[in-house]
Amino acid sequence: MKEMEKKLTINEIATFCKKKGFIFPSSEIYGGLSGFFDYGPLGVELKNNLKQLWWKAHVHEREDIVGMDGSIILNPRVWVASGHAEHFEDVLVECKKCHQRFRADQLIEEKTGENVDGKSPEELHELIVAKGIKCPNCGGELSEPKSFNLMFKTYVGPKQTKENVAYLRPETAQSIFTEVKNIMEVSRKKLPFGIAQIGKSFRNEISPRNFLFRSREFEQAEIEYFINEKDLNNCPYFNEVENYKMLALTEDMQKRGNKEKEMSVKELVNKGVIKSKWQAYWISFEHKFLVRVGLKPEHLRIRQHLSIERAHYSLDTWDIEYKFPFGWKEIEGVSNRTTFDIKNHMKESKKDLRVFDEKYKEKTIPYVVSEPSLGIDRLFLAVLFEAYENNEKRGNIVLKLKPFLSPIKAAVLPLVSNKEELMKKAREVYNSLKKDFNVVFDKSGSIGRRYAREDEIGTPFCITIDFDSLKNNDATIRFRDSTEQERVAIKEIRDKITSLIRNDKC
Ligand code: GAP
């Protein structure tokens, strides 16, 4: 946490991202649009690598999960059934003087440090009056709070009438619920099993803030994991995680004003804090995944939602929070959604979505014991905070990304650019490596400057072709984190890099 202690700010990360081509504010030539971003050449590579790893860990490495890719616009009745049409709201207040709008809960939390999640507009109003909260922009008086639905509205087809109103999905989950029966039939899966999806979601946030952290268009990676409700504690994978430890903050600890402390999965289940072995398994599986992408366990904690804070569909939710410079913040939620959604879709669609459970020889409504829901953009941000090191000794930034996440895996550098033979050899190496990895060829500037350039964007390996390479058919691999160098035969470079990436060494 050395760099975090130096308080690398969100603005510094945003500036770094723009300068290096990770992220740009969307449509900036027109002044941008609040809450929307463009991923640049390096950003799209890093984001794709994160998504690929998530897919590998959740779909390819497991026998019990299959994937899907649903549409962004769904039949609007989906949102009636899911409760989003009625409940997916934040409470806003408007300044009577400058007419700027704010999220009422955020204003109160900023002023008092109190968590006011789940409070009604009336309760929030009372707090605003009691605490004398004014407009942070101009000091003006604030209006009475009112609810605001966060779904983006659009029209399907050429007629812009009430009947043609539709919404951009605010979560990817719903198409999983509407397809569960189809998917179970075609994939020949039996309970317990899960469906995974990565895709864009849209929320018309009242106050987008903290760069990528709260935006209006973002990507989610979600699993809906279905069991027979009778099997809440019958989790065959539980022994893989029972001794795993995480920083945990339970509802009770929050009410007592205690801080998070390290607890094992077994302890959390035995004390009845996490309500089922399945939910405990999924919380720890997700925590392990976040550690696998490079987040340090001491920068992660699991926090149980207070009962007043839980979403309308949830029986029990745990957030996995990352210690950002602006505080502990949710990057992933893990909820027990019960049969809430599927039951409501059965009611609204009048279709039988029950599935046959061979174990109990009965038709049953698939029970969502866990919905791990990860924000890819928030993960991207956390990964950057974790990797960013302002290395005073080297005089440059070193982005210590895990090699499999690095946008560029290796840079091929001819020692000098004015020797034709050297350039030819370096080109040969580049041409052969680019078939397997995202590599760059860079001939401009001193070798030190080129190393620094690669350090700053997280390239784990620099391959330098020098005069000895012409004689011996070998090259130097320079490692980003240690700056150590190793001489390797050119024909072995590909295997060497493959193995370093696989073993997470650089
Ligand atoms: N299907 C459950 C669901 O959508 P959520 O807690 O509202 O739950 C899940 O969202 C994750 O999506 C969050 O943990 C967060 O990482 C991400 N997310 C939600 N709103 C976001 C926003 N406005 N900007 C960026 N990411 C967001």
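The shown structure was predicted, so the numbers you read here are calculated from the model rather than taken from an experiment. Each chain carries its own residue numbering, running from 1 in the direction its sequence is written. Given that the model is predicted, a residue must reach a pLDDT of at least 70 before its local features are reported, and side-chain atom pairs must reach 80 or more before they are shown or counted; all residues, however, enter totals for whole chains, interfaces and linings. Computation of side-chain values: all heavy atoms of the structure, hydrogens and water removed.

A. Region of the structure containing the overall build of the protein. The numbering of helices and of strands both runs from the N terminus, where a helix is a DSSP run of H or I of at least 4 residues and a strand a run of E of at least 2. Each helix and strand in the protein was counted, giving 18 helices and 25 strands. Both definitions apply: the radius of gyration is a C-alpha atom measure, and the globule rule equals 2.2 Å times residues to the power 0.38. Its C-alpha radius of gyration of 25 Å places the protein within 12% of the 23 Å reference for a compact globule of 506 residues. Each principal axis of the C-alpha distribution contributes one length, and for the protein these read about 75 × 65 × 55 Å. Note on classification: 1.4 Å probe, protein chains only; a residue is buried when its accessible area is under 20% of the maximum for its type, exposed when over 50%, partly exposed between these limits. For the protein, the proportion of its 506 residues judged to be buried stands at 54%. Any two residues having at least one pair of non-hydrogen atoms within 4.5 Å are treated as being in contact. Taking contacts inside the protein between residues at least 6 apart in sequence as the whole, the part at least 24 apart equals 66%. His is not counted, nor are the chain ends, whereas Lys and Arg count as positive and Asp and Glu as negative. Positions of charges follow a simple convention, taking NZ of Lys, CZ of Arg, CG of Asp or CD of Glu. Of the side-chain charges in the protein, 85 are positive and 78 negative, and the distance between the mean point of each set is 2 Å.

B. Highlighting the packing of aromatic side chains. What counts as a ring pair is set by centres within 6.5 Å for rings of Phe, Tyr and Trp (its six-membered ring), and what kind of pair is set by the plane angle: stacked under 30 degrees, edge-to-face over 60, tilted for all other angles. Counted according to the given criterion, the structure contains 22 aromatic pairs. For the ring pair tyrosine 281 and phenylalanine 285, a centre distance of 5.8 Å and an interplane angle of 40 degrees mean the geometry is tilted. Residue tyrosine 281 and its partner phenylalanine 285 are located together in helix H12 (residues 277-292), separated by four residues, close to a single helical turn. Just as tyrosine 281 is buried, phenylalanine 285 falls in that class too. An angle of 80 degrees between the planes, with centres 5.9 Å apart, marks the rings of phenylalanine 324 and phenylalanine 385 as edge-to-face. Highlighted residues: phenylalanine 324 in strand S14 (residues 316-324) and phenylalanine 385 in helix H14 (residues 376-387), separated in sequence by 61 residues. Across this residue pair, the class does not change: phenylalanine 324 and phenylalanine 385 are buried. The rings of Tyr225, Tyr237, Trp278, Tyr281, Trp282 and Phe285 are connected pair by pair, giving a single aromatic cluster. In this arrangement the basic side chain of lysine 288 is found over the ring face of tyrosine 244, its NZ or CZ atom lying 5.2 Å from the centre. Geometrically, a lysine NZ or arginine CZ counts as sitting over a ring once it is within 6 Å of the ring centre and also within 35 degrees of the ring normal. Sitting over the face of the ring of phenylalanine 213, arginine 378 holds its NZ or CZ atom 3.7 Å from the ring centroid.

C. Structural view of the domain arrangement of the protein. Here the limits of each domain have been adopted from an automatic or database domain assignment. Partitioning the protein into structural domains gives domain 1 (3-84 + 153-386), domain 2 (89-149) and domain 3 (396-502). Across the contact, eleven residues belong to domain 1 and 13 residues belong to domain 2. Note on terms: buried area is the combined drop in 1.4 Å-probe accessible area of two parts once they are placed together, counting the loss on both. Interface area for domain 1 against domain 2, summed over the two sides, is near 960 Å², with a carbon-plus-sulfur share of 45%. Counting the surface domain 1 buries against domain 2, the share from its top three residues, Ile206, Arg209 and Ile308, is 53%. Basic side-chain nitrogens of Lys or Arg form a salt bridge, by our definition, when they fall within 4 Å of a carboxyl oxygen of Asp or Glu. Taken together, domain 1 and domain 2 are joined by two salt bridges. With its nearest N and O atoms 2.3 Å apart, the salt bridge here joins arginine 209 to glutamate 110. Any pair of N or O atoms that falls within 3.5 Å is considered a polar contact. Within protein, one atom must be able to donate a hydrogen and the other to accept it, and sequence-neighbouring residues count only if both atoms are side-chain atoms. Here domain 1 and domain 2 share four residue pairs in polar contact (both at pLDDT 80 or more) between them. Ten residues, namely Ala, Val, Leu, Ile, Met, Phe, Trp, Tyr, Cys and Pro, are considered nonpolar, four, namely Asp, Glu, Lys and Arg, are considered charged, and the remaining ones, Gly among them, are considered polar. Each residue belonging to the side of domain 1 that touches domain 2 can be placed in one class, and the counts come to three nonpolar, three polar and five charged.

D. Region of the structure containing a positive patch on the surface. The patch calculation keeps residues exceeding 30% relative accessible area without a salt bridge and links them within 9 Å when they carry like charges or within 5 Å when they are nonpolar (Val, Leu, Ile, Met, Phe, Trp, Tyr). To be clear on the numbers: accessible area is Shrake-Rupley with a 1.4 Å probe, and residue cover counts the displayed protein chains and nothing else. A surface patch of like charges, here positive, comprises Arg427, Lys434, Lys435 and Lys443. Note that lysine 443 resides in the loop between strand S22 (439-441) and helix H16 (447-457). Using a relative accessible area of 43% as the deciding quantity, one classes lysine 443 as partly exposed.

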